[in-house]
Amino acid sequence: MATALEKPAPSVERTPAPGPRTGLRRYWHLYAAISPFYLLFVCFGLIPVGFSLYVSLHRWDGLGSMEWAGLSQYQYLLSDTDFWTAVGNTLLIWALATFPMIFLAMVTAVMLNSAVRFQNVYRFAYFLPNVTSVVAVAIIFGSVFSTNFGLVNAFLNAVGLDQVAWLNTPWGIKIAIATLMTWQWTGYNAIIFLAGLQTIPGELYEAARMDGAGPVQTFFRITLPMMRPVLLFVLVVSTVTGLQSFSEPQVLLQTTSNDSTFAGGPGHAGQTMVLYFFQQTFDNNDFGYGAAVAWGIFLVVIIFSIVNWRLVQRRGED
């Protein structure tokens, strides 16, 4: 029984939670503040993507009326040897550019991390190629790899080797494009690796030195495992950007083929997937099949990025 000294607990009235309409009215100014991004995304992102999927199901020259084609364009895409040749060219150029670029970026980041003086100057110098115009860089590299007056052939002549028609042979074209992409992205990825290196605690290196570990053992036992998330990020980003290469081969090889500015040089040796998309869309005026090619490129990029991500994750688990 309650005694006289005990007081009844005061009743607390709970206000009902505001409904959807009440919350929307209360925070309408916040939604209005972020609405421009979503409006621009819908207008210039979501609607064009949906329209491209719709166009891929039709035959359309860009001006006349559309003709329903269904999945026939995708069926033709699976058997299109020119498209798969472009896929092979893209993957080969990506491999020739990405693996040397990651190696050079890691070495550069380690050197920048150990440098004491002029760190900001070095970072600016290595990052500068990434913000330089791709068109200007491609023109310069076209002169560097020129058959008669290029610096590369001048060096080969100086050491007693024969000249190489870099921009007129299949392997020469791929090496020239890969070299351009490596030069362009090495500094960018080095800055990312440098940021990752600076997050590794210095106590780990001190403990390794006390245990008698050398620089090579320290790198493979401490630096590389701790850098695996950053390495995964760089690999995925390099895959996405490398498989969508367009400006580099287009500008570098636009004067080496009489067929088309999107042909990728003699024998289509430098024609990437995006170049093939532009050729079908704007040279052949086949917007329907061009949209199907674009969705094919999207699937190739997604699949290849997932494969790279799984490979790195599996090595990390091992």
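Here we summarise the structure given alongside this text. (Residues numbered from 1 in each chain as written. Predicted model: local features only at pLDDT ≥ 70, side-chain atom pairs only at ≥ 80, totals over all residues. Heavy atoms only, no water.)

## Thoughts on the nonpolar core
Next, step 1: Counting 36 residues, the largest nonpolar core has F83, F193, M227, V293 and I297 as the members making the most contacts within it.
Next, step 2: Listed by contribution, the elements that provide at least two residues to this core are helix 4 (81-114), helix 8 (170-197), helix 9 (202-210), helix 11 (228-242), helix 13 (273-283) and helix 14 (287-317).
Next, step 3: For this core, the element with the highest residue contribution is helix 4, accounting for 10 residues.
Next, step 4: Beyond its immediate chain neighbours, meaning those up to four positions away, F193 contacts I102, A105, M106, A109, M227, V230, L231 and V234.
Next, step 5: With 19 residues, the next largest nonpolar core counts V137, F141, L167 and L253 among its residues. (Core = buried A, V, L, I, M, F, W, Y, C linked by side-chain atoms within 4.5 Å. Buried < 20%, exposed > 50% of the residue type's maximum accessible area, 1.4 Å probe, protein only. Helix = DSSP H or I, 4+ residues; strand = E, 2+ residues; numbered from the N terminus. Contact = heavy atoms within 4.5 Å.)

## Quick look at empty space enclosed by the protein
Next, step 1: Applying the stated criterion to the full structure yields one cavity of 30 Å³ or more.
Next, step 2: Roughly 100 Å³ of volume is contained in the largest cavity.
Next, step 3: Every residue along the wall of the largest cavity is listed here: W94, A97, T98, M101, M181, W185, Y188, N189, V237, S238, T241 and G242.
Next, step 4: Of all the elements in the fold, those that place two or more residues in the lining of the largest cavity are helix 4, helix 8 and helix 11.
Next, step 5: Tallied by class, the residues present in the lining of the largest cavity amount to seven nonpolar, five polar and no charged. (1 Å grid on protein atoms, 1.4 Å probe; cavity = no way out; pocket = protein on both sides within 12 Å on 5 of 7 lines; lining within 4 Å. Points joined across faces, edges and corners; volume = space filled by probe spheres on them. Nonpolar A, V, L, I, M, F, W, Y, C, P; charged D, E, K, R; others polar.)

## Structural notes on the packing of helix 4 against helix 8
Next, step 1: Taken N-terminus to C-terminus, the directions of helix 4 and helix 8 make an angle of 35 degrees; their axes are 6 Å apart at the nearest point. Between helix 4 and helix 8 lies a crossing whose hand is right-handed. (Axes fitted to C-alpha atoms, helices over the stretch in contact; angles between N-to-C directions. Left-handed = near helix turned anticlockwise from the far one by under 90°.)

## Notes on the side chain of N89
Next, step 1: Tracing the sequence through the fold places N89 in helix 4.
Next, step 2: In this structure, N89 is in contact with K174, H268, A269 and Q271, ignoring residues within four places of it in sequence.

## Some thoughts on the layout of surface pockets
Next, step 1: The volume enclosed by the second largest pocket comes to roughly 320 Å³.
Next, step 2: Lining of the second largest pocket is provided by 14 residues; of these, V110, Y205, P215, T218 and T223 occupy positions nearest its centre.
Next, step 3: Of all elements in the fold, only helix 4, helix 9 and helix 10 (215-226) reach the threshold of two or more residues within the lining of the second largest pocket.
Next, step 4: The element contributing the most residues to the lining of the second largest pocket is helix 10, with six residues.
Next, step 5: Counted by class, the lining of the second largest pocket contains eight nonpolar, five polar and one charged residues.

## Quick word on the side chain of T272
Next, step 1: The topology assignment puts T272 in the loop between helix 12 (247-252) and helix 13.
Next, step 2: At a separation of 2.9 Å, a polar atom in the side chain of T272 contacts the main-chain carbonyl oxygen of S245.
Next, step 3: Discounting chain neighbours no more than four positions away, the residues touching T272 are A86, T90, I93, S245 and P249. (Polar contact = N/O pair within 3.5 Å; in protein donor to acceptor, adjacent residues only side chain to side chain.)

## Some thoughts on the packing of aromatic side chains
Next, step 1: Summed over the entire model, instances satisfying the criterion amount to 22 aromatic pairs.
Next, step 2: Their ring planes at 50 degrees and their centres at 6.2 Å tell us that F83 and Y276 sit as a pair that is tilted. With a gap of 193 residues between them, F83 in helix 4 and Y276 in helix 13 connect regions that are remote in the sequence.
Next, step 3: Judged by its relative accessible area of 2%, Y276 is buried.
Next, step 4: Ring centres 5.7 Å apart and planes at 80 degrees place the aromatic pair W295 and F298 in the edge-to-face group. In this pair, W295 and F298 both sit in helix 14, three residues apart, roughly one turn of the helix.
Next, step 5: Judged by relative accessible area, which is 42%, F298 ranks as partly exposed. (Phe/Tyr/Trp six-rings, centres within 6.5 Å; stacked < 30°, edge-to-face > 60°.)

## Some remarks on the environment of I191
Next, step 1: Following the sequence through the fold, I191 ends up in helix 8.
Next, step 2: Residues I191 and L112, 79 residues apart in the sequence, show an inter-C-alpha distance of 8.9 Å.
Next, step 3: Discounting residues that sit within four places of it in the chain, I191 has contacts with R123 and F127.

## A few points about helix 11
Next, step 1: For helix 11, which comprises 15 residues, the first-to-last C-alpha distance of 20 Å matches the rise-based estimate of 21 Å (1.5 Å per residue) to within 8%.
Next, step 2: Taken as a whole, helix 11 has its buried residues at V230, L232, V234, L235, S238, T239 and G242. (Expected span 1.5 Å × (residues − 1).)

Read these as spatial facts, not as claims about activity.
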